[in-house]
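Each chain, written out:
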There are 2 protein chains.
Amino acid sequence: MTSSAADGLGVVETHTARVFDAANPLVLASGAVLPQVDVAYETYGTLNNERSNAIYICHALTGDAHAAGYHVGATRPGWWDNLIGPGRPIDTDRWFVVASNILGGCQGSTGPSSIDPRTDRPYELNFPLLDMADFVSVHRGLARHLGIERFAAVVGGSLGGMQVLQWALTHPEDLDRAVILAASSRLTAQNIAFSAVGRQAIMRDPDFHDGRFISQGAFPGKGLSVARMMAHITYLSEEAFQEKFGRSPQEGELSPNFGVDFAVESYLEHQGQRFLSRFDPLSYLYLTRAMDYFDPFSRDGALDLLVADPVRFLIMSFDTDWRFSTAHSRRIVRHLEGARLPTSFREISSPWGHDSFLLEIDDYHASVRAFMDRAAEEIA
Amino acid sequence: MTSSAADGLGVVETHTARVFDAANPLVLASGAVLPQVDVAYETYGTLNNERSNAIYICHALTGDAHAAGYHVGATRPGWWDNLIGPGRPIDTDRWFVVASNILGGCQGSTGPSSIDPRTDRPYELNFPLLDMADFVSVHRGLARHLGIERFAAVVGGSLGGMQVLQWALTHPEDLDRAVILAASSRLTAQNIAFSAVGRQAIMRDPDFHDGRFISQGAFPGKGLSVARMMAHITYLSEEAFQEKFGRSPQEGELSPNFGVDFAVESYLEHQGQRFLSRFDPLSYLYLTRAMDYFDPFSRDGALDLLVADPVRFLIMSFDTDWRFSTAHSRRIVRHLEGARLPTSFREISSPWGHDSFLLEIDDYHASVRAFMDRAAEEIA
């Protein structure tokens, strides 16, 4: 495939690998065991002979392995196509990029809706609760599968950035650099509150059937769409909502009823509805809960391994992000700098709130590009 | 009844008055007609012979007529008992205070769950959509019923403040002073978004039955509780959530599941559950929609009546309120000052967010007290 900065990666496809199996089951942080773990992943660019040019991408709550390029016949590219591709900040002419779907997810990797090989039925709520460390264990399983011992960088935003932080803290030998965008090392009570209400919307949907909705042939889509609509409010800044929608009527003149009168209601309705075709309510529960519990710096000696084998960090926040505000990023920076770890921090000005890490924002992309250029010099 | 600042008003009770009826039906702003309107109300203190010492209290979204004192056998006083009572900022030794339940509400005043006398069945979604002006029409109906032509002050917070603003703009002859706390003259897209998702949670509950849940003997309590939990997040500041709950476990050690692990989850669950016993899902729809549409300054000549018959305003906001931030209050102040109306504005420092207007905060209460003292001097 030939490609340029203009046309991006072109056609890509998702692969699946079994990275844990009966001979090598996955033991989770909780001690629970998953007898078999499949991972959906994509790769872009070419791994060099020294295997030194690999980059790992961790996705956010509702992302997937399709980070860049186009699936056959698709009109929309992967979710981070503006960042990853030939000539882009994460330049696939230079880097071999691996993107995978998270453990507990629902886009090809093993999750609560997968079949438990021990029972031949979906796990549903028998799926074990997950810890941030478990996501990293599975990323490492995929790396092993691909024959990659060390990554030049591991990159992620929001929940993706939390995985990057966990990985750097517990297996710093796996990576040279870490890019952590719009993330947090510990959710606030308000963050947990939003998660909790989203989960309640799902679990109170009668079609949830105490978590056995797959077995019952049901789907708690109403609850899931409400959870998604609410979460979407937190992904955009108040300014962004105002700029995008203001008080505009959905179409023509306002004529009050309880449906979709204002443009902002139409947007949320659409987001909620579109989500149903691609996301699993159980994954939503498992992944948000892992975020609530994440608090790595509260552990004794949390930084010891990293201090012994330093990773170079780029931490970025966005000034209008009120889901994980700059204060969250600064807390991470304080911990890392307190341990004299090499850390660059930037607060990027952007009107778009939390979603900014998914957008093409000059200052942000320039910083990632510069950071990756220095990574390239090191391995050259 | 003898009373002091320490023991407050003591026992009070709610009355009901029919303020519109077949001979004098209520014509709404939309042109729709309500053939009969009952209003639940309470009064505190004594109306003087000149009928010049009356104060009207407008409640917020989920309030009621029971603003102060204790109902027989109750352990909790009315919702604004810290502000209203003998010796309190709105001093019932001096003022005759009227508090009523809003039109469209569910605590004794006519609302969507009331019986339509034309059909002998509950209105449900046949209840007409409401405008802020309709709330004021009914307050005025109650004033007429009580024989009060003019109020020394009309006072309200949040939706209550929006009613006060509407009243002052359209019937300035009814009031000398207006106290508008933590309110807005036009919701932002984000405000509407939160409203919309709350309504969707209610309307997507299968027990909503397209609004006919009373006729069906059902109650969309799951949706209503989710709406309430979400709204509660917006009533407290992020700081208040953090200070009240932090990441504390609900009881003993954290052991992850999808129920109530963190204290903040328990609080929201409790708020959601408690709401079900006292609030009606249809009222929630009607009242939030009226707020979405409120935008009085967008009308030509909105200030003309008020300029001809000025009302003295006290506008206050709370610095951590992110539901109706100080920017909302400042917009009201800009409009009023632009018309050279006598307006005092204060932003009160408080960690508690939107709910601050319900709390006993020294600076805030001192400002109300001083404003009411000046009102007393005027009528003396």
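Reading the values: the criteria
Residues numbered from 1 in each chain as written. Chains lettered and ligands numbered in written order. Predicted model: local features only at pLDDT ≥ 70, side-chain atom pairs only at ≥ 80, totals over all residues. Heavy atoms only, no water. UniProt positions renumbered as here; feature names shortened; annotations may be inferred. Helix = DSSP H or I, 4+ residues; strand = E, 2+ residues; numbered from the N terminus. Buried < 20%, exposed > 50% of the residue type's maximum accessible area, 1.4 Å probe, protein only. Contact = heavy atoms within 4.5 Å. Areas by Shrake-Rupley, 256 points an atom, 1.4 Å probe, with all protein chains shown as cover. Lys, Arg positive; Asp, Glu negative; His and termini not counted. Charge placed at Lys NZ, Arg CZ, Asp CG, Glu CD. Salt bridge = Lys/Arg side-chain N within 4 Å of Asp/Glu carboxyl O. Pairing = 2+ DSSP bridges. Axes fitted to C-alpha atoms, helices over the stretch in contact; angles between N-to-C directions. Core = buried A, V, L, I, M, F, W, Y, C linked by side-chain atoms within 4.5 Å. Least-squares fit on C-alpha atoms with pLDDT ≥ 70 in both. Domains from an automatic or database assignment. Buried area = accessible area lost by both parts, 1.4 Å probe. Polar contact = N/O pair within 3.5 Å; in protein donor to acceptor, adjacent residues only side chain to side chain. Nonpolar A, V, L, I, M, F, W, Y, C, P; charged D, E, K, R; others polar. Expected span 1.5 Å × (residues − 1). Disulfide = S-S within 2.5 Å.

- You'll find chain A entered in an unreviewed UniProt entry as Homoserine O-succinyltransferase, with Tessaracoccus palaemonis given as the organism.
- UniProt, in its Sequence similarities (unreviewed entry) section for chain A, records the words "Belongs to the AB hydrolase superfamily. MetX family."

### Side note on the overall build of chain A
Phase 1: When you go through chain A residue by residue, the secondary structure sums to 10 helices and 14 strands.
Phase 2: Taken across its 380 residues, chain A has 59% of its residues classed as buried.
Phase 3: The long-range share in chain A, meaning contacts at least 24 apart out of those at least 6 apart in sequence, stands at 73%.
Phase 4: Here chain A has roughly 14300 Å² of accessible surface; of this, 46% comes from carbon and sulfur atoms.
Phase 5: Across chain A, 32 positive and 47 negative side-chain charges occur, with their mean positions spaced 4 Å apart.

### Focus: the environment of K244 of chain B
Phase 1: Inspection of the secondary structure puts K244 of chain B in helix 5 (residues 238–244).
Phase 2: Leaving out residues up to four positions away in the same chain, K244 of chain B has contacts with L236, Y267 and W352 of chain B.

### So, the pattern of salt bridges
Phase 1: Taken as a whole, this structure holds 38 salt bridges over all chains when the rule is applied.
Phase 2: For R299 of chain A, the salt bridge identified is with D131 of chain A, shortest N-O distance 4.0 Å. In this pair, R299 of chain A sits in the loop between helix 7 (281–293) and helix 8 (304–308) while D131 of chain A sits in the loop between strand 10 (121–122) and helix 1 (132–146), placing the two residues 168 residues apart along the sequence.
Phase 3: Judged by its relative accessible area of 25%, D131 of chain A is partly exposed.
Phase 4: Put simply, D261 of chain B and R289 of chain A hold a salt bridge, and the shortest N to O gap is 3.1 Å. With D261 of chain B in the loop between helix 5 and helix 6 (263–276) and R289 of chain A in helix 7, the pair connects residues from two separate chains.

### Some details on the sheet that holds strand 11 (residues 151–157) of chain A
Residue and element names in this part refer to chain A.
Phase 1: Read across the sheet, 8 strands follow the order 1-4-8-5-11-12-13-14 without closing on themselves; strand pairing throughout is mixed. Both outer strands of the open sheet, strand 1 (15–20) and strand 14 (343–348), are each paired with one neighbouring strand and no more. If you compare each strand with its neighbour and ignore which way they point, the axes differ by 20 degrees on average.
Phase 2: Alignment of strand 13 (residues 312–318) against strand 14, held across 6 bridges, turns out to be parallel. Residue pairing across strands places F318 opposite I348, the latter belonging to strand 14.
Phase 3: Contacting strand 1, strand 4 (37–44), strand 5 (54–58), strand 8 (96–100) and strand 11, helix 1 runs over the sheet at an angle of about 110 degrees to strand 1.

### Some thoughts on the UniProt feature "binding site: substrate" (unreviewed entry) in chain A
Residues and elements named next belong to chain A.
Phase 1: As annotated in UniProt, the feature "binding site: substrate" (unreviewed entry) corresponds to R228 and D355 in the numbering used here. Spatial clustering of the annotated residues is evident: they stretch over 128 residues in sequence, but the largest pairwise C-alpha distance comes to 14.0 Å.
Phase 2: Its location among the elements puts R228 in helix 4 (residues 221–235).
Phase 3: By relative accessible area, R228 is classed as buried at 8%.
Phase 4: Apart from the residues within four sequence positions on either side, R228 is in contact with T62, Y235, Q271, G272, F275 and R278.
Phase 5: Mapped onto the fold, D355 is located in the loop between strand 14 and helix 10 (362–379).
Phase 6: By relative accessible area, which is 16% here, D355 ends up buried.
Phase 7: Ignoring sequence-local partners within four residues, the contact set of D355 consists of Y235 and L236.

### A look at the sheet that holds strand 13 (residues 312–318) of chain B
All names here are of chain B.
Phase 1: Taken in spatial order, the 8 strands line up as 1-4-8-5-11-12-13-14 in an open sheet, and their pairing is mixed. The open sheet is flanked by strand 1 (15–20) and strand 14 (343–348), the only strands paired with a single partner. Each strand of the sheet is rotated relative to its neighbour by a mean of 20 degrees, with strand direction disregarded.
Phase 2: Where strand 12 (residues 175–181) lies against strand 13, 5 bridges are found, and the strand directions are parallel. In the strand pairing of strand 13, L181 is matched with M316.
Phase 3: Sheet strands touched by helix 9 (residues 326–338): strand 12, strand 13 and strand 14. Its angle to strand 13, the strand with the most contacts, is close to 160 degrees.
Phase 4: Strand contacts of helix 10 (residues 362–379): strand 5 (54–58), strand 11 (151–157), strand 12, strand 13 and strand 14, with the helix running at about 175 degrees to strand 13, the strand carrying the most contacts.

### A few points about the nonpolar core
Phase 1: L103 and F241 of chain A together with L103 and F241 of chain B are the most contacted members of the largest nonpolar core, which has 184 residues in total.
Phase 2: When sequence neighbours within four positions are dropped, the list of residues in contact with L103 of chain A reads L26, L28, L34, V37, T110, F127, L130, D134, F135, V138 and L287 of chain A.

### Looking at the relation of the copies chain B and chain A
Phase 1: Between chain B and chain A, which share one sequence, the superposing operator has a rotation angle of 180 degrees and an axial displacement of 0.0 Å; the RMSD is 0.0 Å. Accordingly, the operation relating the two chain copies is best matched by a two-fold axis.
Phase 2: Take the interface residues of chain B: 100% of them recur as interface residues in chain A, which is what a same-surface contact looks like.

### Focus on the domain arrangement of chain A
All names here are of chain A.
Phase 1: The assigned domain composition of chain A is domain 1 (15–187 + 295–379) and domain 2 (191–289).
Phase 2: Each of domain 1 and domain 2 has a C-alpha centre, and the two are 25 Å apart.
Phase 3: Domain 1 puts 32 residues into the contact, and the matching count from domain 2 is 35 residues.
Phase 4: Taking both partners together, domain 1 and domain 2 bury about 2900 Å²; carbon and sulfur atoms supply 60% of that area.
Phase 5: Seen at the junction of domain 1 and domain 2, the total is 0 salt bridges.
Phase 6: Linking domain 1 with domain 2 are 18 residue pairs in polar contact (both at pLDDT 80 or more).
Phase 7: Broken down by class, the residue content of the side of domain 1 that touches domain 2 amounts to 17 nonpolar, 10 polar and 5 charged.

### Some remarks on the pairing of strand 12 of chain B
Residue and element names in this part refer to chain B.
Phase 1: The buried fraction of strand 12 is high, at 6 of 7 residues.
Phase 2: One ladder, built from 6 bridges, connects strand 11 with strand 12; its direction is parallel. Looking at the pairing, G157 lines up with L181 of strand 12.

### Brief notes about helix 6 of chain B
Phase 1: Look at helix 6 of chain B: 21 Å from first C-alpha to last across 14 residues, which is about the 20 Å you get at 1.5 Å a residue.
Phase 2: Restricting attention to buried positions, one finds in helix 6 of chain B the residues A263, V264, E265, Y267, L268, Q271, G272 and F275 of chain B.
Phase 3: Buried positions along helix 6 of chain B lie against helix 3 (189–203) and helix 7 of chain A together with helix 4 (221–235), helix 5 and helix 7 (281–293) of chain B.

### Observations regarding the state of the cysteines
Phase 1: Under the defined criterion, the tally for this structure stands at 0 disulfides over all chains.
Phase 2: Unpaired in terms of disulfides, C58 of chain A finds its nearest cysteine sulfur in C106 of chain A, a separation of 17 Å.

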